[in-house]
Amino acid sequence: MINTNLPSLTSDFLEVLNGFTVVEPSFVTLNFFAGEIARVEVAICDKNYSFEYAYAPKNQIEEKRLTKRFSKLSLYRALVDFTGISLPWGALTGVRPTKLAYQNKQNWQEFFKDTMFVIDNKIALIDDVLKSQEGIYTVDSPSRGLFVSIPFCPTRCAYCSFISNEICKEKRINEYIDRLIEEIEAAKPLVKSLRSIYIGGGTPVSLTNEHFERLLKAIGKNCVEYTIEAGRPDCITREKLEIMKRYGVTRVCVNPQTFQDKTLELIGRRHTAKDVIEKFHLVKEYGFDVNMDLIAGLTGESFNDFKDTLNTAISLKPENITVHTLCLKKGSKLKESTKCLSDGDVAKMVEFARLTLNENGYKPYYLYRQKYMAGNHENVGYALSGKQCIYNVDIMEETTDIVACGANAISKKVGKKGGIITRIAAPKDILSYINRQPQIILEKNSLFN
Ligand code: SF4
């Protein structure tokens, strides 16, 4: 634990420290002193640093913001000096760097580069993302997004930290679908105008045909973009695709993660790369746009494995390719048993992906970072021209209300001009969700009405 006179910011400081694995948090002390000039004193082992900043906050909110910014910045500067290491995102932490760019619209590039020490190619990446969001990004859109959660999968992937349950072990599936459909019906007055629908959370296509059709029938078809996670090829069938077509689905996520069979086995996916390719072609037969997820830095993979995976994905020409960097969280089987690739290896993969996807007509259009991410990099979604997924932009930029239904679903009401966001989170556990569903319906009605 870090020693500090700002204990409420401890988790922010640990986030900065996360990129400097050579420094033990208990060897770090940080103290902030307010005044016309704010002073931040940092000690790492026996080395002392002092940084000063002009400090004239106009109100309490700004006071909090500046205190946090100057403290994190000072910690980062001290760590860079102490270790000789600098990070691609500099002192910038947090999940959504694009949000910060929108907030500092006039001078975000200078702010990222000169104040936060972000390197040039990350700034160029953000710039490309903002350009791709033109015409999609909207503040205070009157229409909303609908998210429906199906937290079941055929098996559990070794890197998974979601709540997803193995469907064959779930005894309350009938009851879950009944309560979920009731919740969707109750949400209809809240989603008269919809920008997007997204059914995800696990693998919705792992439901039986009967449950799947009941669900889609309840949702109806009143939306331009309608996406379903069909991440696991072992559950993609003609019957499921026909049901999707019948109810107006436009986009299907087919997620190989890797095209290396040895890795698929290691991460607990019960399918081969060939299965994914076959199911991709089947999905395309029905005319759906396809989102494809890949992971850079998967355990046991070399740069050449990743290169082969990326090139295979590009050769299939899905409309979207999202490149994630491996992020092992508590709750994933891989976390305890394996070691991450080095930052350099992952950096090479991420940069190769950026250049190769660009050369093949894919532009970055959404981006987010996570804690514990390999190499302190980011997840980036790339799309062919005009094929950006609206839901992905909305969920990342948080400018549109999301009405969410089901276990572990989080509804978000966005304040005026992207202001304060109010959230309602449904319980993660199936039984708790079933028991709390009437209450959740009431809470959502009062939030969105
Ligand atoms: S398909 Fe996704 S949600 Fe399901 S177990 Fe794998 S990582 Fe988790």
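Here the structure is shown first, and the text comes after it.
Here the structure is a predicted model, which means the values were calculated and not measured.

A closer look at the overall build of the chain
Each helix and strand in the chain was counted, giving 15 helices and 17 strands. Its C-alpha atoms give the chain principal-axis dimensions of about 65 × 50 × 40 Å. The 449 residues of the chain split such that 56% are buried. Restricting to contacts in the chain with at least 6 residues of sequence separation, those with at least 24 account for 71%. A distance of 3 Å separates the average location of the 60 positive side-chain charges in the chain from that of its 54 negative side-chain charges.

A closer look at the sheet that holds strand β1 (residues 3-4)
Spatially, four strands are ordered β1-β2-β3-β4 in an open sheet, and the strand pairing comes out mixed. One side of each edge strand has no neighbouring strand; the edge strands of this open sheet are β1 and β4 (47-54). Contacting β2 (28-33), β3 (37-44) and β4, helix α2 (residues 60-83) crosses the sheet at an angle of about 145 degrees to β4.

Concerning the pairing of strand β11 (residues 289-296)
Of all eight residues in β11, eight are buried, a share of seventy percent or more. Taking every second residue as pointing to the same face, both faces of β11 are buried, with Asp289, Asn291, Asp293 and Ile295 on one and Val290, Met292, Leu294 and Ala296 on the other. In this sheet, β11 lies alongside strand β10 (residues 251-253) in parallel orientation, the contact comprising three bridges. Counterpart to Val252 in the pairing with β11 is Val290.

Regarding the pattern of salt bridges
Applying the stated criterion across every chain, the model contains 30 salt bridges. Here Asp120 ties to Lys113 by a salt bridge, and the two come within 2.8 Å at their closest N and O atoms. Residue class for Lys113 comes out partly exposed when judged on its relative accessible area of 40%. Residues joined in a network through salt bridges with shared partners are Arg96, Lys99, Glu398, Lys412 and Arg423.

Examining the site of the ligand
Taken together, the neighbourhood of the ligand is formed by Cys153, Thr155, Arg156, Cys157, Tyr159, Cys160, Phe162, Ser164, Gly202, Thr203, Arg232 and Arg269. Residues belonging to the shell around the ligand are distributed by class as follows: five nonpolar, four polar and three charged.

Brief notes about helix α7 (residues 209-219)
Of the residues making up α7, those classed as buried are His211, Phe212, Leu215, Leu216, Ala218 and Ile219. The arc that holds the buried residues of α7, viewed along the axis, is 160 degrees, so those residues lie on one side. Facing away from the buried side of α7, by more than 90 degrees, are the exposed residues Glu210 and Lys217. In this structure, the buried residues of α7 make contact with β5 (144-149), α6 (173-187), β8 (194-200), β9 (225-229) and α8 (238-246).

Re the nonpolar core
With 118 residues, the main nonpolar core has Leu215, Leu216 and Met244 as its most contacted residues. Formed jointly, this core draws a minimum of three residues from each of two domains, domain 1 (1-86) and domain 2 (144-439). Setting aside its immediate chain neighbours within four residues, Leu216 contacts Ile199, Tyr226, Ile228, Ile243, Met244, Tyr247 and Val249.

Here we look at the packing of aromatic side chains
Tallied over the full model, the rule gives 17 aromatic pairs. A centroid spacing of 6.2 Å and a plane angle of 20 degrees characterise the contact between Phe147 and Tyr198, whose relative ring orientation is stacked. With a gap of 51 residues between them, Phe147 in strand β5 and Tyr198 in strand β8 connect regions that are remote in the sequence. Neither Phe147 nor Tyr198 differs from the other in exposure class; each is buried. Pairwise contacts between aromatic rings join Phe32, Tyr53, Tyr55 and Phe70 into one cluster. The ring of Phe288 has Lys245 sitting right over it, with the charged end atom 4.7 Å from the ring centre. The positively charged end of Lys348 is found above the aromatic ring belonging to Phe303, 4.5 Å away from the centroid.

Re unusual backbone geometry
The backbone of Phe117 sits at a positive phi, close to 60 degrees, despite the residue not being glycine. Inspection of the secondary structure puts Phe117 in the loop between α4 (108-115) and α5 (120-132). Judged by relative accessible area, Phe117 falls into the partly exposed class, the value being 33%. Non-glycine residue Asn408 carries a positive phi angle of around 65 degrees. Topologically, Asn408 is positioned in the loop between β15 (402-405) and β16 (410-414).

Overview of the packing of helix α1 (residues 10-18) against α2
One way to put it is that α1 packs onto α2 with a least axis distance of 10 Å and a crossing angle of 30 degrees. It follows from the interaxial angle that α1 and α2 lie roughly parallel. Here α1 and α2 pass one another in a crossing that is right-handed. Facing α1, whose interface residues are Asp12, Phe13, Val16 and Leu17, α2 presents Lys68, Ser71, Lys72, Leu75, Tyr76 and Leu79. Grouping the amino acids of the contact of α1 with α2 by side-chain chemistry returns six nonpolar, one polar and three charged.

Points about helix α15 (residues 430-448)
Arg436 marks where α15 bends most, by close to 60 degrees; the proline Pro438 follows one to four residues later. Buried residues of α15: Ile430, Tyr433, Ile434, Gln437, Ile440, Ile441, Lys444, Leu447 and Phe448, and no others.

So, the side chain of Thr263
By the element assignment, Thr263 lies in helix α9 (residues 261-266). Setting aside residues up to four positions removed in sequence, Thr263 forms contacts with Thr258, Leu298, Thr299 and Glu301.

Cut-offs and rules
- Residues numbered from 1 in each chain as written.
- Predicted model: local features only at pLDDT ≥ 70, side-chain atom pairs only at ≥ 80, totals over all residues.
- Heavy atoms only, no water.
- Helix = DSSP H or I, 4+ residues; strand = E, 2+ residues; numbered from the N terminus.
- Buried < 20%, exposed > 50% of the residue type's maximum accessible area, 1.4 Å probe, protein only.
- Contact = heavy atoms within 4.5 Å.
- Lys, Arg positive; Asp, Glu negative; His and termini not counted.
- Charge placed at Lys NZ, Arg CZ, Asp CG, Glu CD.
- Pairing = 2+ DSSP bridges.
- Axes fitted to C-alpha atoms, helices over the stretch in contact; angles between N-to-C directions.
- Salt bridge = Lys/Arg side-chain N within 4 Å of Asp/Glu carboxyl O.
- Near = heavy atom within 4 Å.
- Nonpolar A, V, L, I, M, F, W, Y, C, P; charged D, E, K, R; others polar.
- Arc of directions from axis to C-beta.
- Core = buried A, V, L, I, M, F, W, Y, C linked by side-chain atoms within 4.5 Å.
- Domains from an automatic or database assignment.
- Phe/Tyr/Trp six-rings, centres within 6.5 Å; stacked < 30°, edge-to-face > 60°.
- Lys NZ or Arg CZ within 6 Å of the ring centre and 35° of its normal.
- Parallel < 35°, antiparallel > 145°, perpendicular 65-115°, else oblique.
- Left-handed = near helix turned anticlockwise from the far one by under 90°.
- Bend = angle between axes of the 7 residues up to and from the residue.

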